[in-house]
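# Commentary on secondary and tertiary structure
In case you want the letters, here they are:
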Number of protein chains: 2
Amino acid sequence: MTPTMARPGGRSAKVTEAVHRAVVELLAEGEPVTVPQVAARAGVNATSVYRRWGDVNGLLADAALVRFGTSAAVPGTGSLAGDLRAWGSALVDEAARPEELALLRAAVAAGPADPPALRAGSSAPAAPDSACSACLTGRSSQAEAILAAAAARGEQAPSATRVLDHLVAPIYLRALFGLPAPSVEVLVELLVERLVAPAAAQATSSELG
Amino acid sequence: MTPTMARPGGRSAKVTEAVHRAVVELLAEGEPVTVPQVAARAGVNATSVYRRWGDVNGLLADAALVRFGTSAAVPGTGSLAGDLRAWGSALVDEAARPEELALLRAAVAAGPADPPALRAGSSAPAAPDSACSACLTGRSSQAEAILAAAAARGEQAPSATRVLDHLVAPIYLRALFGLPAPSVEVLVELLVERLVAPAAAQATSSELG
């Protein structure tokens, strides 16, 4: 379900934008996020919100999809290491902003109680439009675009899964659990160095995906 | 504030255990976790809970500290790779259990809105007894114990920060955001291989911590 893509256009786009803004503002203020609260803040009817997004999880998923899918453009610096550094720094900056961090925290909190993904032998992905998986949908696409550009230049590149595991995961772990980092530059530089340096040497070894 | 350590003993230990169990049960059932709810479930006075834990965040922090600090013992397999594999597998198993995952999610949701840790130039750690940082306190100690044992055997070992960034972070990212993994064994094997293989070659290069 991708309501914002299914109903583009004038009034509909304005409603979507107002509703997403209301969700993020309420989260950042520490207010409870319910459909009536969001509707009141956005100045729309609660019934419209229920009809379009179903419930709070649908609202969070759509807000996360839009906010984390569009907020960090692919940098285009001309090298894989440069692109990953610029992109990683943008992720760190974003995760340090109260609104984005509140949305990440709320999406994680709304995740499924029983994760199929980590069960041994299970290969079923989480529901594609759950709020928590929506946070990473745009990230995966952006990583794949960066890696495709590197491959087109003839650069050795790790898999998108490796970028998620070793660049996105440490940044999000630090943001979500409040781990200290010396500085954004040092953190991202080290993570990218670890990711890019072994890629040439280990390009033929097995990869997760 | 470490109430469970400050007040060991018979009745106090029983109360602590009953309160922690009530917190985790309510979370796993998707019930709201409030001090009155926890007190009622645990069969203790709400005033005792307020006096001892302060508020819900104090309750979550203490429950996370105990649950994630004690649930995965250092394996002692005799090699760094073996210890990291066994420990990583235990983390994956734990994060796949509904009660532990619910506690992780709730601790993340209760985290500070404004993270000092990721601000450029800031070296201030998060409050040591916040619920979200408490989830990683035991993990850090366990990683340090594993690495100290490796160093005592004369093995080259990465830093504890690198273990958090590249073994714990990918496992927690997958659990919290519902990313699919081929299987626990394949995931942990690959993560440990990436972590341990370059340690010998890069032992003299700069480390985060």
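Here the residue numbering is sequential within each chain, running from 1 through the sequence in written order. Each chain takes a letter, starting from A, and each ligand takes a number, starting from 1, following the order in which they are written. pLDDT decides what is reported in this predicted model: residues at 70 or higher carry local features, side-chain atom pairs at 80 or more are listed and counted, and totals for whole chains, interfaces and linings draw on all residues regardless. Heavy atoms throughout the structure, all of them, feed into the side-chain values; hydrogens and water do not.

## Examining the overall build of chain A
Secondary structure counts use DSSP, requiring at least four H or I residues in a row for a helix and at least two E residues in a row for a strand, with both numbered from the N terminus. A count of helices and strands for chain A gives 10 helices and zero strands. Starting at the N terminus and walking to the C terminus, you meet the elements of chain A as α-α-α-α-α-α-α-α-α-α. Buried residues in chain A amount to 50% of all 209 residues. Contacts spanning at least 24 positions in sequence make up 72% of the contacts within chain A whose residues lie at least 6 apart. The method behind every accessible area is Shrake-Rupley, applied with a 1.4 Å probe, and residues are considered shielded solely by the protein chains displayed. Of the roughly 8400 Å² of accessible surface on chain A, 56% is carried by carbon and sulfur atoms. Each residue's exposure class comes from its accessible area (1.4 Å probe, protein chains only) as a fraction of the maximum for that residue type: buried when under 20%, exposed when over 50%, partly exposed otherwise. In this description, contact between two residues means that some pair of their heavy atoms is separated by no more than 4.5 Å.

## Re the layout of surface pockets
Here a cavity means grid points, on a 1 Å grid over the protein atoms only, where a 1.4 Å probe fits yet cannot get out; a pocket means an open set of points with protein on both sides within 12 Å along at least five of seven lines; lining residues are those with an atom within 4 Å of a point. Grid points are joined across faces, edges and corners, and a volume is the space filled by probe spheres set on the points. In this structure, the largest pocket encloses a volume near 490 Å³. Around the largest pocket sit 19 residues that line it, and L27, E31, A102 and A106 of chain A together with A109 of chain B are the ones nearest its centre. Contributions of two or more residues to the lining of the largest pocket are made by α2 (10-28), α5 (56-70) and α7 (98-109) of chain A. In terms of residues, the lining of the largest pocket owes the most to one element, α7 of chain A, which gives four residues. Here the residues of the lining of the largest pocket are counted per class, giving 14 nonpolar, three polar and two charged. Polarity classes work like this: nonpolar for Ala, Val, Leu, Ile, Met, Phe, Trp, Tyr, Cys and Pro, charged for Asp, Glu, Lys and Arg, and polar for all others, with Gly in that last group.

## Some details on the environment of A46 of chain B
All names here are of chain B. As for its position among the elements, A46 is in helix α4 (residues 46-53). Here the alpha-carbon distance between A46 and V35, two residues 11 residues apart in the chain, equals 6.3 Å. The contact partners of A46, leaving out residues within four places of it in the chain, are V35 and A39.

## Comments concerning the nonpolar core
Soluble, globular proteins show a tendency: their nonpolar side chains are buried together. Counting residues in each nonpolar core, the largest one holds 128 residues, and the members touching the most others are F177 of chain A together with F177 of chain B. Leave out the neighbours within four places in its chain, and F177 of chain B touches L104, V108, C132, S133, C135, L136, Y172 and L176 of chain A. Among buried residues, the Ala, Val, Leu, Ile, Met, Phe, Trp, Tyr and Cys ones that are joined through side-chain atoms within 4.5 Å form a nonpolar core.

## Details of the pattern of salt bridges
Residues and elements named next belong to chain A. Between Lys or Arg on one side and Asp or Glu on the other, a salt bridge is scored when a side-chain nitrogen of the former is within 4 Å of a carboxyl oxygen of the latter. What the rule picks out here adds up to 20 salt bridges over all chains. For E100, the salt bridge identified is with R97, shortest N-O distance 3.4 Å. In this structure, a network of salt bridges that share partners links the residues R67, R97, E99 and E100.

## Quick look at the packing of helix α8 (residues 131-152) of chain B against helix α9 (residues 160-177) of chain B
Residue and element names in this part refer to chain B. Every angle, taken between N-to-C directions, lies between 0 and 180 degrees, and every axis is a line fitted to C-alpha atoms, over only the stretch in contact when it is a helix. With their axes 10 Å apart at the nearest point, α8 and α9 run at an angle of 125° to one another. With respect to α9, the element α8 is oriented oblique. Crossing of α8 against α9: the hand is right-handed. Residues L136, R139, S140, A143, E144 and L147 of α8 form the contact with α9, whose own contacting residues are A160, V163, L164, V168 and Y172. Should an angle fall under 35 degrees it is called roughly parallel, over 145 degrees roughly antiparallel, and 65 to 115 degrees roughly perpendicular, with every other angle called oblique. Should the near helix be turned anticlockwise from the far one by less than a right angle, the crossing is termed left-handed; should it be turned clockwise, right-handed.

## Side note on α7 of chain A
An α-helix turns once per 3.6 residues; consequently, residues spaced three or four apart project the same way. For a helix, the expected span equals 1.5 Å multiplied by the number of residues minus one. Between its terminal C-alpha atoms α7 of chain A stretches 16 Å, which fits the 16 Å expected from 12 residues at 1.5 Å a residue. What α7 of chain A keeps buried is the set E100, L101, A102, L103, L104, R105, A106, A107 and V108 of chain A.

## A word on the packing of helix α2 (residues 10-28) of chain B against α4 of chain B
Residue and element names in this part refer to chain B. Between α2 and α4, whose axes approach to 12 Å, the crossing angle comes to 95°. As summarised for this structure, α2 and α4 are arranged roughly perpendicular, according to the angle between their axes. Of α4, the residues touching α2 (which contributes S12, V15, T16, V19 and H20) are V49, R52 and W53. For the contact of α2 with α4, the residue count by class is four nonpolar, three polar and one charged.

## Section: the packing of aromatic side chains
For any pair of aromatic rings, the description consists of the separation of the ring centres together with the inter-plane angle of the planes. Aromatic pairing here means that ring centres of Phe, Tyr or Trp (its six-membered ring) are within 6.5 Å. Orientation follows from the plane angle: under 30 degrees is stacked, over 60 is edge-to-face, and everything else is tilted. Tallied over the entire structure, the rule returns two aromatic pairs over all chains. With 5.9 Å between their ring centres and 45° between their planes, Y172 of chain A and F177 of chain B make a pair best called tilted. Here Y172 of chain A, found in helix α9 (residues 160-177), pairs with F177 of chain B, found in helix α9, and the two come from separate chains. With respect to class, Y172 of chain A is no different from F177 of chain B; both count as buried.

## So, the confidence of the model for chain A
All names here are of chain A. Known as pLDDT, the predictor's per-residue confidence is scaled from 0 to 100. Residues of chain A with pLDDT of at least 70 account for 79%, and the chain-wide mean is 81. Highest mean pLDDT in chain A belongs to helix α3 (residues 35-42) (95); lowest belongs to helix α1 (residues 3-6) (45). Segment residues 119-126: pLDDT under 50, and 18 contacts once partners within four positions in sequence are set aside and those in other chains are kept. Per-residue pLDDT stays below 50 along residues 200-209; that stretch engages in 19 contacts with residues further than four places along the chain or on separate chains.

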